[in-house]
Amino acid sequence: MNRVYNFSAGPSMLPLPVLEKAQNEMTSYADSGMSVMELSHRSALFTDIITEAEQLLRDVMQIPANYKVLFMQGGASQQFAMVPMNLLGNSKKADFIHTGSWSKKAIKEAQKFGDTRVIASSEDKNFTYIPEVDRSMIDPEADYVHITTNNTIEGTAFSEIPDTGDVPLVADMSSNILSEQVDVSKFGLIYAGAQKNIGPAGLTVVIIREDLIGLAPETCPTMLDYKTFNDSGSLHNTPPTFSIYMAKLVFEWLKDLGGLKEMELMNREKAAILYNYLDASDMFASPVEKSSRSIMNIPFIIPNHDLDATFIKEAKAAGFETLKGHRSVGGMRASIYNAMPIQGVRDLVDFMKKFEADYL
Ligand code: PMP
């Protein structure tokens, strides 16, 4: 078996024990003689899978009872539209904190449904920091405030969740859900595409406070109304059954290794190894302000050198995959989600040290 260290921003690495368990159960799940992919979504076996998946996520994230977990499709991108379609019920105003390419897309989509206002932005410095957000900046009439807790492309993350008072806080948590402890009660709605810390692509997880369900206008398409998913236990139509099963295995893995407390410690340790090297290196550097750095996506650059392509090529040959930065920002990026072993980060740093010695 020759697994590589895959630094992709998503879809990204899955824990090896999860892949192996799925492999073992692939052709006959629970002695059914069928793969999970072949099970009816209405079967007892699949009902158990989706029920357990929800319960495990509730346990791991300590989701309060007045929050619902919805298993959906369409990615985080569909949530960019669903959130305003469902939540812009009163003032039709929403406040946004603009921290990068993904928040830009969320704002653009929401503009189709109501009045959006950017109350804080880091665009002035190329999104290399997280702007200050004060409660006084928030329109008390707004139907919600939207943040992107971790900016996958720019490599920034909120170190503190803004206090939005009575205005519901909506968070795109696609790239840092399950990476650290989080107080769900601070949010009105959390959404995340699965393909980073949850499981395979095709599944979108929405965690929504009960009172925010049922606010969509009658013209809202059935499949774009949170109420549809809530009323049917995410089984109005055929859900992404295999992705939900894989997510269940990932949640089990996470719970067994000690939950989010332990995961956060491991993630902070991994990120520190890479940042400490970047800050000490004479060749590589982090473009992100220290207080705003993500522990999931770590962009890095080689200033004044034309070595990016050489670095990426040699890294690939040495077993470090997908280190190219996003096409919009260039440079390199190491995405080190939950499933990236600490050894992967150690080995990457050793490789970078050698590269620095060879080329500087
Ligand atoms: N938001 C963030 C923060 C992301 O990282 C991504 C995907 N990389 C998206 C939204 C879009 O997600 P999807 O492809 O699931 O629509």
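Residues numbered from 1 in each chain as written. Predicted model: local features only at pLDDT ≥ 70, side-chain atom pairs only at ≥ 80, totals over all residues.

Brief notes about the overall build of the protein
For clarity, the cut-off: Working definition: helices are DSSP H or I runs of at least four residues, strands are E runs of at least two. Numbering for both runs from the N terminus. The globule rule is 2.2 Å times the number of residues to the power 0.38, and the radius of gyration it is compared with is taken over C-alpha atoms. The burial criterion counts other C-beta atoms lying within 10 Å of a residue's C-beta, which is placed from the backbone; the residue is buried at 20 or more, exposed at 12 or fewer, and partly exposed between these limits. By the convention adopted here, residues make contact when the C-beta atoms placed from their backbones lie within 7 Å.
Helix and strand counts for the protein stand at 9 helices and 13 strands. In terms of overall size, the protein behaves like a compact globule, its C-alpha atoms giving a radius of gyration of 21 Å where 360 residues would be expected to give roughly 21 Å. Taking all 360 residues of the protein together, the buried fraction comes to 45%. Excluding contacts between residues fewer than 6 apart, the proportion of contacts in the protein whose partners are at least 24 apart in sequence is 68%.

Considering the environment of Q55
Its location among the elements puts Q55 in helix α2 (residues 44-61). Judged by the 14 C-beta atoms lying within 10 Å of it, Q55 falls in the partly exposed class.

Focus on the packing of helix α7 (residues 259-280) against helix α9 (residues 342-359)
This is how it is decided: Every axis in this analysis is a line fitted to C-alpha atoms, fitted for helices over the stretch in contact. Angles between the N-to-C directions lie between 0 and 180 degrees. In this scheme, roughly parallel covers angles under 35 degrees and roughly antiparallel covers those over 145, while 65 to 115 is roughly perpendicular and the rest are oblique. Residues are grouped as follows: nonpolar covers Ala, Val, Leu, Ile, Met, Phe, Trp, Tyr, Cys and Pro; charged covers Asp, Glu, Lys and Arg; every other residue, Gly included, is treated as polar.
As a packed pair, α7 and α9 sit with axes 9 Å apart at the nearest point and diverge in direction by 5°. Taken as axis vectors, α7 and α9 run roughly parallel relative to one another. Seen from α7, the contacting residues are M266, E269, K270, I273, L274 and Y277; seen from α9, they are I342, V345, R346, V349 and M352. When grouped by side-chain class, the residues that make up the contact of α7 with α9 number 8 nonpolar, no polar and 3 charged.

Examining the UniProt feature "binding site: pyridoxal 5'-phosphate" (unreviewed entry) in the protein
The criterion, for reference: UniProt positions are given in the numbering used here, feature names are shortened, and annotations may be inferred rather than shown by experiment.
The sites that carry the UniProt feature "binding site: pyridoxal 5'-phosphate" (unreviewed entry) are, in the present numbering, A76, S77, W102, T152, D172, Q195, N237 and T238. Spanning 163 residues, the named residues are also spread out in space, since their farthest C-alpha pair is 30.8 Å apart. Note on placement: D172 falls in strand β8 (residues 169-172). Taking the number of C-beta atoms within 10 Å as the measure of exposure, D172 has 29 and is therefore buried. Residues within four places of D172 in sequence aside, it is in contact with A76, W102, A106, T148, T149 and Y191. Tracing the chain through its elements places N237 in the loop between α5 (226-231) and α6 (241-256).

Some points on the site of the ligand
We apply this condition: We call a residue near a molecule or strand when its C-beta atom, built from the backbone, sits within 6 Å of it.
In the vicinity of the ligand, the residues found are A9, G10, G75, A76, S77, W102, T148, T152, D172, S174, S175 and G193. Examining the composition of the shell around the ligand, we find that 3 residues originate from one element, helix α3 (residues 75-87), more than from any other. The residue makeup of the shell around the ligand, split by class, is 3 nonpolar, 8 polar and 1 charged.

Focus: the packing of helix α1 (residues 16-24) against α6
Convention followed: Whether a crossing is left-handed or right-handed is set by the direction in which the near helix is turned from the far one by less than a right angle, anticlockwise for left-handed and clockwise for right-handed.
As a packed pair, α1 and α6 sit with axes 9 Å apart at the nearest point and diverge in direction by 135°. Considering their axes alone, α1 and α6 lie oblique with respect to each other. Both α1 and α6 take part in a crossing whose hand is right-handed. Residue-level inspection shows P17, V18, K21 and A22 of α1 in contact with α6, the latter providing M246, L249, V250 and W253. Split into classes, the residues belonging to the contact of α1 with α6 amount to 7 nonpolar, no polar and 1 charged.

Some remarks on the sheet that holds strand β5 (residues 144-148)
What counts, and what does not: Two strands pair if DSSP finds at least two bridges between them.
Spatial strand order, β2-β10-β9-β8-β5-β3-β4: 7 strands in an open sheet with mixed pairing. Lying at the two open borders of the sheet, with one neighbouring strand each, are β2 (67-72) and β4 (115-121). Taken pair by pair, the neighbouring strands of this sheet meet at an average axis angle of 20°, ignoring direction. Here strand β9 (residues 189-193) runs beside strand β10 (residues 204-209); their pairing, made up of 5 bridges, is antiparallel. The residue of β10 that forms the bridge with L189 is I208. Its contacts with the sheet place helix α4 (residues 101-110) against β3 (93-98), β4, β5 and β8, and it is angled at close to 165° to β3.

Notes on the pairing of β2
Extensive coverage of β2 is indicated by the burial of 6 of its 6 residues. Along β2, one buried face is formed by Y67, V69 and F71 and the opposite face, lined by K68, L70 and M72, is buried too. Two elements, β2 and β10, share 6 bridges in a ladder whose sense is antiparallel. Among the inter-strand pairings, K68 is bridged to a residue of β10, identified as I208.

Comments concerning the domain arrangement of the protein
This is how it is decided: For each domain, the first and last residues come from an automatic or database assignment.
Per the domain assignment, the segments making up the protein are domain 1 (16-256) and domain 2 (259-359). Summarising the inter-unit geometry, the C-alpha centres of domain 1 and domain 2 are found 27 Å apart. With 25 residues of domain 1 at the interface, the matching set in domain 2 holds 24 residues. Elements that contribute at least two residues to the side of domain 1 that touches domain 2 include exactly α2, β6 (150-151), β7 (156-157) and α6. The class makeup of the residues in the side of domain 1 that touches domain 2 is 8 nonpolar, 13 polar and 4 charged.

With respect to α4
Note the cut-off: Working definition: the arc comes from the directions between the helix axis and the C-beta atoms, pointing outward to the latter.
Three or more residues of α4 are buried, namely W102, S103, A106, I107 and A110. Relative to the axis of α4, the buried residues are bounded by an arc of 140° and lie together on one face. On its buried face, α4 sits against α3, β3, β4, β5, β6 and β8.

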